[in-house]
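# Examining the three-dimensional arrangement
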Amino acid sequence: MLAIVHTVALTGLEGHIVRVEVDAGGGLPGWEIVGLPDAAVREAKDRVRAAIKNAGFEFPSRRITVNLAPADIRKEGPGYDLAIAVGLLAATEQAPADAAGSILLFGELSLDGSVRPVTGMLPAVAAAVARGFPRAAVPAGNAVEAALVDGAGIYPVVSLAQVVRFLQGEEGITPCTADVYALLAEGDESGLDLADIKGQPAARRALEVAAAGGHNLLLVGSPGAGKTMLARRLPGILPALTPEEAIECTKVHSLAGRLAPGQHLVTRRPFRAPHHTASAVSLAGGGRVPRPGEISLAHNGVLFLDELPEFPRDALEALRQPLEDGTITVARVSAAVSFPARIMLVAAMNPCPCGHFGDTGKECLCTPAQIQRYLGRVSGPLLDRIDIQIEVGRVAYDDLAAAPPGENSAAVRQRVERARAVQRARLDGSGADCNARMGVREIRHHCRLGRDAHEVMRLAFRQLQLSARAYDRILKVARTIADLDGSADIQAPHVAEAVQYRNLDRKYWA
């Protein structure tokens, strides 16, 4: 007898409905799974056999063929176990075939017949609902995650026997629901506060401007000046994730298997800080069937690269496309996959190998050739894509010993959220949600300069020999500074401050 059930295969975040066709016919006993299965899918034969027997069903002594259609899409992972098992029980008339074919089935089977959670549940269910399959039986551990999809009817299951009883109508299962707003409200804060930073008023201001406009940021300074402390406190002043952003982040983290046990939703903006030995593949993503890398895992959050010149050159150059487009495309022999990558890049670096070039408190021991070679590891095109460049100087003793703390993150975050609200209203319908993501048309429309501001920009463009990209990015930063000041127009002081954030590359790299 032939039975057909359905599940979903993922290629990146794109899902495809898979028909699991199970035929239990005559002939010598045997079992074949076809349809481009990987090793984990082929191993399902042993898991399914043991699960069926231990769940109290009869495993047939027949010639079994399982076809995962369409056959030209690679099937990966253990998430097909439940569909194969139910299809086999339906083919041997131990489960109702009609009911089994009307619901999507996800889950890995343990040998005792229990259903284990799998990765990629949220994008899989979202793809299924978009293709007209709103009902799904999923592992209980994935149920809340799957229920985040609007219009999905999610039935949490714990065992193969329970699934069969549900299909036979002998046991009812209450559909799972999830409240995105309630889950976001439960998200805890990082505990890192800007009040911990002593001194560094210019760097704190640059951090606020970067957060208000979503701008990329480069911190240059001697070891111990506080670059890493500043960067790690950036998420605390960023606006809270919207429900749409939280679901986007959760899709990526679910696909990568990065959700912690019991975590159903990413509730805080991601902060990813890969080690400087990370390869281009670990940053961009890869594998035979590409998986998300650190850039995509930082989607809607912060990617922090400490010791920027120490990263491999090809890894740094992999940042160009996502910084411009907000997506990253990973091409491999088996597939080309695009992942979302709207990130804030925050980079920190020393000005030379010893770290003390330009330091008034300690002598630099590097030769000019060593300094030039070290700084040359960061390319000009990458620097051009960093909106704000700030020098973090050595903190004076009086600042360190000062008892009163600085302004806390909550106060700064209020100003950032007010500026972001102005930007969302201004850019409504354009596809951008902050100044850093404005396109050429939005820049020309929303970043017009008055006479005095125009003269400041003209002088800076001529003296600093700015590129066209740098010109646009200065306008974006000036627009953000004006938003923080509550000004509808970009004035000369706003342009002057924005220009100051673009002169480090002339100091160190020119």
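Structure report, in brief. (Residues numbered from 1 in each chain as written. Predicted model: local features only at pLDDT ≥ 70, side-chain atom pairs only at ≥ 80, totals over all residues. Heavy atoms only, no water.)

### Digging into the side chain of aspartate 472
Put simply, the rule reads: Elements are defined by DSSP. Helices are runs of H or I of four residues or more, strands are runs of E of two residues or more, and each kind is numbered from the N terminus. Accessibility here uses a 1.4 Å probe with only protein chains present; expressed as a share of the type maximum, an area under 20% marks a residue as buried, one over 50% as exposed, and anything in between as partly exposed. It only takes one pair of heavy atoms within 4.5 Å for two residues to be counted as in contact.
Here aspartate 472 shows up in helix α22 (residues 468-485). Assessed through its relative accessible area of 15%, aspartate 472 is described here as buried. Here aspartate 472 is in contact with Ile443 and Arg444, once residues within four sequence places are set aside.

### Quick notes on the environment of methionine 349
Along the chain, the position of methionine 349 falls in strand β17 (residues 344-349). Owing to a relative accessible area of 1%, methionine 349 belongs among the buried residues under this scheme. Each C-alpha atom, one on methionine 349 and one on leucine 305, is 8.6 Å from the other, the two residues being 44 residues apart in sequence. Among residues more than four places away in sequence, those in contact with methionine 349 are Leu218, Leu219, Val220, Gly221, Lys227, Leu308, Pro309, Tyr374, Leu375 and Trp509.

### Some words on the pairing of strand β8 (residues 135-139)
Spelled out, the test is: Only when DSSP finds a minimum of two bridges between them are two strands counted as paired.
Burial analysis of β8 places four of its five residues in the buried class, the great majority of the element. The pairing of strand β5 (residues 104-105) with β8 spans two bridges and is parallel. Note that in β8 the partner of leucine 105 across the bridge is alanine 137. The pairing of β8 with strand β9 (residues 153-157) spans five bridges and is parallel. What sits directly across from valine 138, in β9, is proline 156.

### Regarding the pattern of salt bridges
For clarity, the cut-off: Every case where a carboxyl oxygen of Asp or Glu lies within 4 Å of a side-chain nitrogen of Lys or Arg is listed as a salt bridge.
Considering all chains together, one arrives at 30 salt bridges under this definition. Residues glutamate 248 and arginine 342 are paired through a salt bridge, measuring 2.9 Å at the closest nitrogen-oxygen approach. In this pair, glutamate 248 sits in helix α11 (residues 243-255) while arginine 342 sits in the loop between β16 (336-340) and β17, placing the two residues 94 residues apart along the sequence. On the basis of relative accessibility, which here comes to 30%, the residue glutamate 248 falls in the partly exposed class. Three or more residues are tied together by salt bridges with common partners; here these are Glu324, Asp384, Arg385, Asp387, Arg469, Arg473 and Arg502.

### Quick look at the nonpolar core
This is how it is decided: Take the buried Ala, Val, Leu, Ile, Met, Phe, Trp, Tyr and Cys residues and link them wherever side-chain atoms come within 4.5 Å; each set so joined is a nonpolar core.
Leu217, Leu234, Ile388 and Tyr501 are the most contacted members of the largest nonpolar core, which has 51 residues in total. At eight residues, the largest contribution of residues to this core is made by α22. Counting 46 residues, the second-largest nonpolar core is a separate cluster that includes Ala9, Phe57, Leu68 and Ile84.

### A few points about the layout of surface pockets
Note the threshold: Cavities and pockets are found on a 1 Å grid laid over the protein atoms alone: a cavity is a set of points where a 1.4 Å probe fits but cannot escape, a pocket is an open set with protein on both sides within 12 Å along at least five of seven lines, and a lining residue has an atom within 4 Å of such a point. Grid points are joined across faces, edges and corners, and a volume is the space filled by probe spheres set on the points. Residues were grouped as follows: Ala, Val, Leu, Ile, Met, Phe, Trp, Tyr, Cys and Pro as nonpolar; Asp, Glu, Lys and Arg as charged; and all remaining residues, including Gly, as polar.
In this structure, the largest pocket encloses a volume near 850 Å³. In terms of lining residues, the largest pocket is bounded by 35 residues, among which Ala432, Asp433, Ala436, Arg437 and Met438 are the most central. The set of elements that each furnish at least two residues to the lining of the largest pocket consists of α11, α15 (320-325), α19 (409-426), α20 (440-446) and α22. When grouped by side-chain class, the residues that make up the lining of the largest pocket number 12 nonpolar, seven polar and 16 charged.

### Thoughts on empty space enclosed by the protein
Counted under the stated rule, the structure contains one cavity of 30 Å³ or more. Of the volumes computed, that of the largest cavity is approximately 120 Å³.

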